[in-house]
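Close look at the chain arrangement
One letter stands for each residue in the lines below.
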Amino acid sequence: MATAPFHVYDTTLRDGAQQEGMNLSVADKIAIAPLLDELGVGFIEGGWPGAIPKDTEFFRRAAKELELKNAVLAAFGSTRRASTRAWDDPQVRALVDSEAPVVTLVAKSDVRHVERALRTTPDEGLAMIRDTVEFLVGEGRRVVVDAEHFFDGYRFDPAFTTAAVRTAFEAGAEVVALCDTNGGMLPTGVLDIVGELRATLGMSHGRDALPGDGLLGMHAHNDSGCAVANTLAAVEAGCAHVQGTVNGYGERTGNVDLVTVVANLALKYDLDTLAGDGLADATRIAHAVAEITNIAPYARQPYVGASAFAHKAGLHASAIKVDPDLYQHVDPTAVGNDMRMLVSDMAGRASIELKGRELGFDLAGQGELLTRVTNRVKDAEAQGYTFDAADASFELILREELTGARPHFFRVESWRAIVETTGGTRGTDGPDADRRDAEALAEATVKLHAGGDRIVVTGEGNGPVNALDQALRHALTRVYPDIEQFDLVDFKVRIMDAQHGTDATTRVLVETTDGQHTWSTVGVGPNIIEAAWEALIDAHVYGLLHAGVEPL
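One structure accompanies this document, and this report is about it. As the structure is a computational prediction, the values presented were derived from the model and not from experiment. Along each chain, residues carry numbers from 1 onward, in the same order as the chain's sequence is written. The predicted nature of this model means local features are confined to residues of pLDDT at least 70 and side-chain atom pairs, given and counted, to a pLDDT of 80 or more, with totals for whole chains, interfaces and linings taken over all residues. Excluding hydrogens and water, the side-chain values take into account all heavy atoms of the structure.

**Considering the overall build of the protein chain**
Applied cut-off: In this text, helices come from DSSP runs of H or I with a minimum length of four residues, and strands from runs of E with a minimum of two, each type numbered from the N-terminal end. Residue burial is assigned from relative accessible area. The probe radius is 1.4 Å, only protein chains are included, and a residue is buried under 20% of its type maximum, exposed over 50%, and partly exposed in between. Contact criterion: two residues are considered in contact whenever any of their non-hydrogen atoms come within 4.5 Å of each other.
Secondary structure assignment for the protein chain yields 17 helices and 16 strands. In terms of overall dimensions, the protein chain has C-alpha extents of about 85 × 70 × 45 Å along its principal axes. Every one of the 552 residues in the protein chain was classed for burial, and the buried ones make up 51%. Contacts in the protein chain between residues at least 24 apart in sequence constitute 68% of all its contacts with a sequence separation of at least 6.

**Notes on the sheet that holds strand β11 (residues 411-422)**
We count it as follows: DSSP calls a pair of strands paired once it identifies at least 2 bridges connecting them. Comment: axis = line fitted to C-alpha atoms, over the contacting stretch for helices; angle = value between 0 and 180 degrees taken between N-to-C directions.
Spatial ordering of the open sheet is given by β11-β12-β13, a layout of three strands whose pairing is antiparallel. The outermost strands of the open sheet, each flanked by one partner alone, are β11 and β13 (453-461). Neighbour-to-neighbour, the strand axes of the sheet open up by a mean angle of 15 degrees, direction not taken into account. Here strand β12 (residues 439-450) runs beside β13; their pairing, made up of nine bridges, is antiparallel.

**Focus: the nonpolar core**
Convention followed: Nonpolar cores are built from buried Ala, Val, Leu, Ile, Met, Phe, Trp, Tyr and Cys residues. Side-chain atoms within 4.5 Å join them into one set.
Counting residues in each nonpolar core, the largest one holds 102 residues, and the members touching the most others are V41, F58, F150, F151, V165 and L178. Apart from residues no more than four positions distant in its own chain, F151 is found in contact with L178, C179, D180, M185, V190, I193, V194 and M218. By size, the runner-up hydrophobic cluster in this structure holds 36 residues, among which are A444, V457, V541 and V549.

**Points about unusual backbone geometry**
Although it is not a glycine, H149 sits at a positive phi angle of roughly 55 degrees. In this structure, H149 sits in the loop between β5 (142-148) and α6 (150-156). Classification of H149 as buried rests on a relative accessible area of 9%. Its identity is not glycine, yet Y303 carries a phi of approximately 70 degrees, on the positive side. The residue Y303 is located in the loop between α11 (282-293) and β9 (310-311) in this model.

**Topic: helix α10 (residues 258-267)**
Selection criterion: Polar contacts, as counted here, are pairs of nitrogen or oxygen atoms within 3.5 Å of one another; within protein the pair requires one atom able to donate a hydrogen and one able to accept it, and residues that are adjacent in sequence qualify only if both atoms are side-chain atoms.
In terms of burial, α10 is a largely internal element, eight of the 10 residues being buried. Those residues of α10 lying buried are L258, V259, T260, V261, V262, A263, N264 and L265. If you follow the buried residues of α10, they end up packed against β1 (7-10), α1 (26-39), α9 (227-237), β8 (241-244) and α11. You can read the cap of α10 off the contacts: a side-chain oxygen lies 3.0 Å from the backbone nitrogen of V259, and it is on D257.

Below, the structure written as structure tokens:
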């Protein structure tokens, strides 16, 4: 006999959007929703229509613009107000008007919140759940009830909290999601409470539920650092519906990372939870969502982070060379990621060989070359360089050792950068005037030889590095038009020996893209400008190489 499907419910567009510093426009939500659908989730919570005008607009546009293949849209809202009728409550009517096939109701399941926040009686609190669910089911909606503060409420008064869950199911709710709203639960507590609740309600385990049976779900926050573990514990205890956000977005410390949860369920529990092959594209999708939210991806994020399958130590590299599975808990391609070898002063020859293979160079049997490259990397890192996050600079070193010369596209004659301040009235007109409100203008001049010509270009920018980047780009574009596609997208500065104060050695990491691929380069110097210049030169040389331009 067929069992009920497992539910994966995404709330990135609603609960995730509550993250500090995140402000999703309607266009952002319209762009993210197809990515979530591509991942294979079953439900996409779009927002709170009626309460938030932007969310009302989202549902209006979604009905016309979105063609979801795997997911259905869910509208989020609250139960009716105390002492009113559900059909008379404008917030409840707005949920129906959204035309979303699924409505998720947040309901107070902690009696303290009923009495102190809603300022009503426990009986009325239960009636608010029953009336609203019955009304929405009568309007043809599938209903999910988010039992807010469930775990805290259960520990305080399990009888009322259990009654809230029972009332929701009896009124026709398809799912009751148990919310760790404050995020303070630990896995053992979740396991015990969900098990007790199932026993009290006489519910079967989620894996044994039949189509049409009510399902328990889990909605976890990460305040105790246990959101993923708590969600998995809930599934083990019998939940068959999990809620979360892509990349763990959410207020405070975030919601549970839904990608981590579904990857664990699929790869550790052998539980199919996503429609199609979305898990194999999880890395791309998680990063694409990050681009839209304008929040940089977390490199150490489980499964989909850039460092999730990165290996640094030489001992590990030697073993990986024999069998990659010896130091990886899963095949990274299962989530659309890839293994990376990090080149550093910990690297041995095996690390260099594997990194070369990753970059497309077969270094097997070239012991002398591997030794030279290894020693060069270690010497460079002793001076402050790092190649962990600068694959492009490492590849240029490797090419130089392979061919005996660095790829050459142009020769720099000289460069200079100046910063001048203009205006400013802050302070006095005397010698003590500080002019802190003066406007700083940067100008850089680059002289180089390329394409048989001597080229002199001046660039302006909002700082000396920006001005140098502009001047270098303008100079080279005359000869190499491919550079028009290059764009500097990230710039990081690290002071290497801070105890030396303003004369400390500086390291700069530059990330560049051509619109399709991204690469990182590193520079080190006695100041930020010299370090940045070295990284910029490497970025342009690498970019030209991979654009198919032949070196001189």
